[in-house]
Amino acid sequence: MDLNLRHPPNTKTSTSASTAPPHEDVKFKRASDALPLPLYLTNGIFFTLFFSVAYFLLHRWRDKIRTSTPLHVLSLSEISALFCLLASVIYLLGFFGIDFVQSFISRPTSHDHHVWLDDGHQTNSIDDEQYILEEDSRPPGPCPASLDSSQVVPHHHLSVAPIPISSFKPLSLSEEDEEIIKSVVSGTIPSYSLESKLGDCKRAAAIRREALQKMTGKSLEGMPLEGFDYESILGQCCEMPVGYVQIPVGVAGPLLLDGKEYTVPMATTEGCLVASTNRGCKAIYASGGATSVLFKDGMTRAPVVRFGSAKRAAELKFFVVDPLNFDTLATVFNRSSRFAKLQGIQCAVAGKNLYMRFSCSTGDAMGMNMVSKGVQNVLDFLHNDFPDMDVIGISGNFCSDKKPAAVNWIEGRGKSVVCEAIIKEEVVKKVLKTNVGALVELNMLKNLTGSAVAGALGGFNAHASNIVSAIYIATGQDPAQNVESSHCITMMEPINDGKDLHISVTMPSIEVGTVGGGTQLASQSACLNLLGVKGANKDKPGSNSRALASIVAGSVLAGEVSLMSAIAAGQLVKSHMKYNRSSKDFTNIAS
Ligand code: ADP
């Protein structure tokens, strides 16, 4: 079962945190903070005080009952004892009680509970906060696996003697912040709870960052903290932030696609990628532009269910694929969202297990959440007729998300797009510095035959993933879906008596959205705005995300024609070097 429960963002907590008044910070002040004594000593004193005065008062009251003395008549010693009892109760409650009480106050409501699937998307209800508390027994701070093991200091060491970080550039942190950092380092305050406790996401990130540096002994200098809206990622995009990574955004274009001009933002650190794509755009533009057709639009999710026998699994398959049942199942499924429309259910039986690949259109959202909710609705419904159905996982990998799988390559996932252009002979020569024959031959031997030799799965292209990843990062898509979104077959043919080049890219699994996920973040939203596909399309829901998918395919076309030309030209140079002996001889003679 690959249903992974992860640390989900707590929407309820985050909302309340972000609106919490500043005095909420007082929660971090424990009674012990006011005392100059070490924590264990203070705790010891108050525990002893509490039990001794309680014992004393109980004895006194027993004596009074025996001697029929009214209980409210108090001696000086009893008044002092009562005072001490009250003080110790206040201290002990302050120290041990607040977190307990807070866990009730900030406990999320049922619709804030989500199960995180293997692809990181959320669905369904589970008490996530409780899950974290029960399951996350790791020491606070960064994932140990992410640290250089040679440098990791055991947690119990950290709590006793944090590594001094004198060389790190200090942030402007208040004394109170310093105290909180100490608590995070010692483990008394869990790092993940900073946002909800402080009600200030930026301050939480700053404190976590300082604590992290102290715990690991490694500097984060160079990773900026300032200049980012940490509220915008809370509960949606990233947990436990300590800063952000800067990725430059370049632009390629104009890309002339379906009669419109687009300037394509690409976030990358690979030199030449933007320049090369830009050159491809130039070649396409000079040849009259590219044309795209989106021929399928359906996000998928495939749960795995198990029965006591293969016969029962097959019975459910027959039920699900029966056209007479489709309308009912679609009605149940489509309740997940006004944008979700069930298109079909593809089934695969494996022994007693059934995999049902639900496919649905999702408007302008990439759609994983939407489809998962719809699937959950149907599974609940199917339980009525198939009570012996055991739902093993809402994701059974027949979906298939973020893994190379033939099902996506053959059936498609998300948007399936074909994009073509005719590059004129003179453009091939002048802009791409090669010729049609060389390009066609290279495509056949590299992208088709070479990939076949390599046993490629959807990788019949030169570098589609380069362009897909750069656009995905720039526009707030899920970069992990690059795995299947980059499936692409690039075809090249000579046309018009071999003078011009027909090039096409066919991409069956482009998974993009213009609402939800990272698309709402400021920088990513700006990139979508540049393309004219920002947010939800009110008039024609889904047309923004479909346009984005076409832009991705058009940009891949530009990238393919440019890189292939560079390689073909390189081959040409090599051929010249190899076969033009006279120049080689000439060089030898000259030297
Ligand atoms: P995903 O399914 O891609 O993870 P979400 O379900 O998180 O995305 O985000 C989609 C949300 O945006 C839904 O709540 C949906 O109701 C809302 N929404 C608003 N307008 C649109 C639209 N045009 N297309 C799709 N979803 C939209």
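Heads up: the structure comes first, above all this text.
Notes on the structure follow.

Here's the deal with the site of the ligand
Reasoning step 1: Every one of the 13 residues lining the ligand counts as a neighbour, but Asp364, Met366, Gly367, Asn369 and Met370 are closest to it.
Reasoning step 2: A distance of 2.6 Å is found between an oxygen atom of the ligand and a backbone nitrogen or oxygen belonging to Gly367.
Reasoning step 3: Separating an oxygen atom of the ligand from a backbone N or O atom of Met370 is a distance of 3.2 Å.
Reasoning step 4: Out of a free accessible area of 560 Å², the ligand has 75% covered by protein chains.
Reasoning step 5: Tallied by class, residues from the shell around the ligand come to eight nonpolar, four polar and one charged.

What about the packing of aromatic side chains?
Reasoning step 1: Within the structure shown, the criterion is met by nine aromatic pairs.
Reasoning step 2: Here the aromatic rings of Phe307 and Phe386 are separated by 6.2 Å at their centres, their planes lie at 75°, and the arrangement is edge-to-face. With Phe307 in the loop between β6 (304-306) and α10 (310-321) and Phe386 in the loop between α12 (368-385) and β9 (390-393), this residue pair connects regions lying 79 residues apart in the sequence.
Reasoning step 3: Judged by relative accessible area, which is 3%, Phe307 ranks as buried.

Re the packing of helix α6 (residues 175-186) against helix α8 (residues 201-216)
Reasoning step 1: Axis separation between α6 and α8 bottoms out at 9 Å; the angle between their running directions is 55°. With respect to α8, the axis of α6 lies oblique. At the point where α6 passes α8, the crossing takes the right-handed sense. Contacts from Glu176, Asp177, Ile180, Ile181, Val184 and Val185 in α6 reach Arg203, Ile207, Glu210, Ala211, Lys214 and Met215 in α8.
Reasoning step 2: Of the residues in the contact of α6 with α8, the class split is seven nonpolar, no polar and five charged.

Structural notes on the state of the cysteines
Reasoning step 1: Counted under the stated rule, the structure contains zero disulfides.
Reasoning step 2: The thiol sulfur of Cys419 is not disulfide-bonded, and the nearest other cysteine sulfur, from Cys488, lies at 9.8 Å.

A short note on the pattern of salt bridges
Reasoning step 1: All chains considered together, the criterion is met by 18 salt bridges.
Reasoning step 2: With its nearest N and O atoms 2.7 Å apart, the salt bridge here joins Asp177 to Arg203. One end of the pair, Asp177, is in helix α6; the other, Arg203, is in helix α8, and 26 residues separate them in sequence.
Reasoning step 3: The exposure class assigned to Arg203 is buried, which follows from its relative accessible area of 14%.
Reasoning step 4: The closest approach of N and O atoms between Asp388 and Arg312, which form a salt bridge, is 2.7 Å. Residue Asp388 is located in the loop between α12 and β9, and its partner Arg312 is located in helix α10; the two are separated by 76 residues in the primary sequence.
Reasoning step 5: With a relative accessible area of 36%, Asp388 lands in the partly exposed category.
Reasoning step 6: Owing to a relative accessible area of 22%, Arg312 belongs among the partly exposed residues under this scheme.

Each value, and the rule that gives it
Residues numbered from 1 in each chain as written. Predicted model: local features only at pLDDT ≥ 70, side-chain atom pairs only at ≥ 80, totals over all residues. Heavy atoms only, no water. Near = heavy atom within 4 Å. Polar contact = N/O pair within 3.5 Å; in protein donor to acceptor, adjacent residues only side chain to side chain. Areas by Shrake-Rupley, 256 points an atom, 1.4 Å probe, with all protein chains shown as cover. Nonpolar A, V, L, I, M, F, W, Y, C, P; charged D, E, K, R; others polar. Phe/Tyr/Trp six-rings, centres within 6.5 Å; stacked < 30°, edge-to-face > 60°. Helix = DSSP H or I, 4+ residues; strand = E, 2+ residues; numbered from the N terminus. Buried < 20%, exposed > 50% of the residue type's maximum accessible area, 1.4 Å probe, protein only. Axes fitted to C-alpha atoms, helices over the stretch in contact; angles between N-to-C directions. Parallel < 35°, antiparallel > 145°, perpendicular 65-115°, else oblique. Left-handed = near helix turned anticlockwise from the far one by under 90°. Contact = heavy atoms within 4.5 Å. Disulfide = S-S within 2.5 Å. Salt bridge = Lys/Arg side-chain N within 4 Å of Asp/Glu carboxyl O.

These figures capture arrangement, not role.
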